[in-house]
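Residues per chain are reported as follows:
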Amino acid sequence: MDLDRLKLFVQVAEAGSLSKAAVLLDSMQSAISRQIAALERDTGRRLFDRTGRGVTLTEFGRRLFPEIKGLIAEAERVEGLMQGRDELPSGEVRVGLMPSVAELLVAELFKSIRERFPAIRLRLFEGSNGQLDEWVTSGRIDLAVLYRYGKGVRRGEDVLFEVDTFLVGPPGDHITTQPTVEFAQLDGLPLVLPGAPNGLRVALDQIAKRQKEGFRLEVALEADSLPIQRSMASHGEAYAVHGGVVVWRDVQAGIVSAARIVNPTIRRSMVLTSTTQHPLSLASREVAITLRNVARKCDGADMLEAAKAAPPG
């Protein structure tokens, strides 16, 4: 079986279109299309459905995807052994991060890996909490740092730290410049929230149902984009609801103000999780250890308090 074609299959599946894969690989779209067609002839079944927006895996392709990724990882491991690279971890490691977390972790993670394990190639993916969960479950990525709510931490996941949840408004806002805000005070406030299904949105809706009769979460705008939520809050158009790791830099920069939500508090666990679709390589395990060390320096509550104590700018 042609390993290069299998790698191409994975790259097209992750890109979601032949044209995007061509750009990433610096190749011609027609050449990639021919290779995929040849692979489909070899398997005797279609691997992709063609759509107006790109390509998606067929049911057969989705079943093959984690198997092929595991085969590629094992082939790279064996290649490393044959070339005498077994003494140090090497190869590609795919890590998924939410944009807010990426801002905090990527530079230090990259620096640490480059210094200690120069043969490891990091490939980073940004996505929402739900996307990251799906990607790590399917084996598209090896590791992910994401949120779990309440008792949602799963077996085998490593809790990096816990963060409180904050109501975020413009600088000088009379509500969010206070240290805390009662959940009941959210009644009728215009909010910009992620759309369902979303762990935070579900948690807020559940708490709202337990409030006094007539309590209403006023969702002025649904937006999954963190920059959109930040912009709405900073301009005073709607309040956002964010975790401490998202808020602290914006508070320090004077872009927003933030008050911790209490009665009840909304605690979220930041966890490191790994795929079960294929064994983790030595490189993936070393990246996981490094991620733990980097993330545990970034306690969201401590950073927010430090930001509030520091002068803006």
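Residues numbered from 1 in each chain as written. Predicted model: local features only at pLDDT ≥ 70, side-chain atom pairs only at ≥ 80, totals over all residues. Heavy atoms only, no water.

> Residue-level account of the nonpolar core, with values.
With 59 residues, the main nonpolar core has L167, F183, M270, V287 and L291 as its most contacted residues. L6, L8, V12 and A22 belong to the second-largest nonpolar core, a separate cluster that totals 20 residues. (Core = buried A, V, L, I, M, F, W, Y, C linked by side-chain atoms within 4.5 Å. Buried < 20%, exposed > 50% of the residue type's maximum accessible area, 1.4 Å probe, protein only.)

> I'd like a description of the side chain of Q229, backed by residues and values.
Within the secondary structure, Q229 is located in helix α8 (residues 226-234). Apart from the residues within four sequence positions on either side, Q229 is in contact with V192, P194, A223, D224, A240 and H242. (Helix = DSSP H or I, 4+ residues; strand = E, 2+ residues; numbered from the N terminus. Contact = heavy atoms within 4.5 Å.)

> Can you explain the sheet that holds strand β12 (residues 257-262)? Please cite residues and give values.
Across the sheet, which stays open at both edges, the six strands sit in the order β8-β12-β7-β11-β9-β10 with mixed pairing between neighbours. Looking at strand neighbours, the two that pair on one side only are β8 (180-182) and β10 (218-222), the edges of this open sheet. Pairwise comparison of adjacent strand axes, ignoring direction, gives a mean angle of 40° for this sheet. Alignment of strand β7 (residues 165-169) against strand β11 (residues 239-243), held across four bridges, turns out to be antiparallel. Bridge pairing links L167 to V241 in β11. (Pairing = 2+ DSSP bridges. Axes fitted to C-alpha atoms, helices over the stretch in contact; angles between N-to-C directions.)

> Now, about helix α2 (residues 18-25): what can you tell me, with residues and values included?
Within α2, the full set of buried residues consists of L18, A21 and A22. Across the axial projection of α2, the buried residues extend over an arc of 105°, all falling on one side. Seen from the open side of α2, the exposed residues pointing more than 90 degrees away from its buried face are K20, V23 and L24. Residues of α2 that are buried sit in contact with α1 (3-15), α3 (29-43) and β2 (54-57). Residue D26 follows α2 closely and has a positive phi angle near 55°. (Arc of directions from axis to C-beta.)

> Outline the pairing of β2, listing residues and values.
Bridge analysis of strand β1 (residues 48-51) against β2 gives four bridges, and the strand direction is antiparallel. Bridged to T51 within β2 is G54. From the end of β1 to the start of β2, which pair antiparallel, there are two residues.

> Which residues make up the packing of α2 against α3, and what values go with them?
Contact geometry for α2 and α3: axes closest at 9 Å, N-to-C directions at 110°. By the angle class used here, α2 and α3 are roughly perpendicular. Taken as a pair, α2 and α3 cross one another with a handedness that is right-handed. In contact with L18, S19, A21, A22 and L25 of α2, α3 contributes Q29, I32, S33 and I36. Grouping the constituent residues of the contact of α2 with α3 by class yields six nonpolar, three polar and no charged. (Parallel < 35°, antiparallel > 145°, perpendicular 65-115°, else oblique. Left-handed = near helix turned anticlockwise from the far one by under 90°. Nonpolar A, V, L, I, M, F, W, Y, C, P; charged D, E, K, R; others polar.)

> Give me the packing of aromatic side chains: which residues, what numbers.
As enumerated under the stated definition, the model contains four aromatic pairs in all. Among the aromatic residues, ring-to-ring pairing joins F9, F48 and F65 into one connected group. Residue placement shows R45 over the ring face of F60; its charged tip is 4.2 Å from the ring centre. Above the ring of W135, the side-chain terminus of R140 is found at 4.5 Å from the ring centroid. (Phe/Tyr/Trp six-rings, centres within 6.5 Å; stacked < 30°, edge-to-face > 60°. Lys NZ or Arg CZ within 6 Å of the ring centre and 35° of its normal.)

> Describe the pattern of salt bridges, with residues and values.
Taken as a whole, this structure holds 15 salt bridges when the rule is applied. Two residues, D49 and R46, come together in a salt bridge whose shortest N-O distance is 2.3 Å. Overall, D49 belongs to the partly exposed group, its relative accessible area being 29%. Taking the shortest distance from any N to any O, the salt bridge between E162 and R267 comes out at 3.3 Å. Of the two residues, E162 is situated in strand β6 (residues 158-163) and R267 in the loop between β12 and β13 (268-274); the sequence distance between them amounts to 105 residues. Salt bridges sharing common partners tie together E14, E92, R94 and R123. (Salt bridge = Lys/Arg side-chain N within 4 Å of Asp/Glu carboxyl O.)

> Quick one: what's the story with the sheet that holds β13, residue by residue and with numbers?
Strand order in the open sheet made by the five strands is β4-β3-β5-β13-β6, with mixed pairing throughout. Edge positions in the sheet fall to β4 (120-126) and β6, since each has one partner strand and no second. Here the strands of the sheet are splayed against their neighbours by 25° on average, with no regard to which way each runs. Pairing analysis gives three bridges linking strand β3 (residues 91-97) to strand β5 (residues 143-149), with the strands arranged parallel.

Nothing here speaks to function; it is all geometry.
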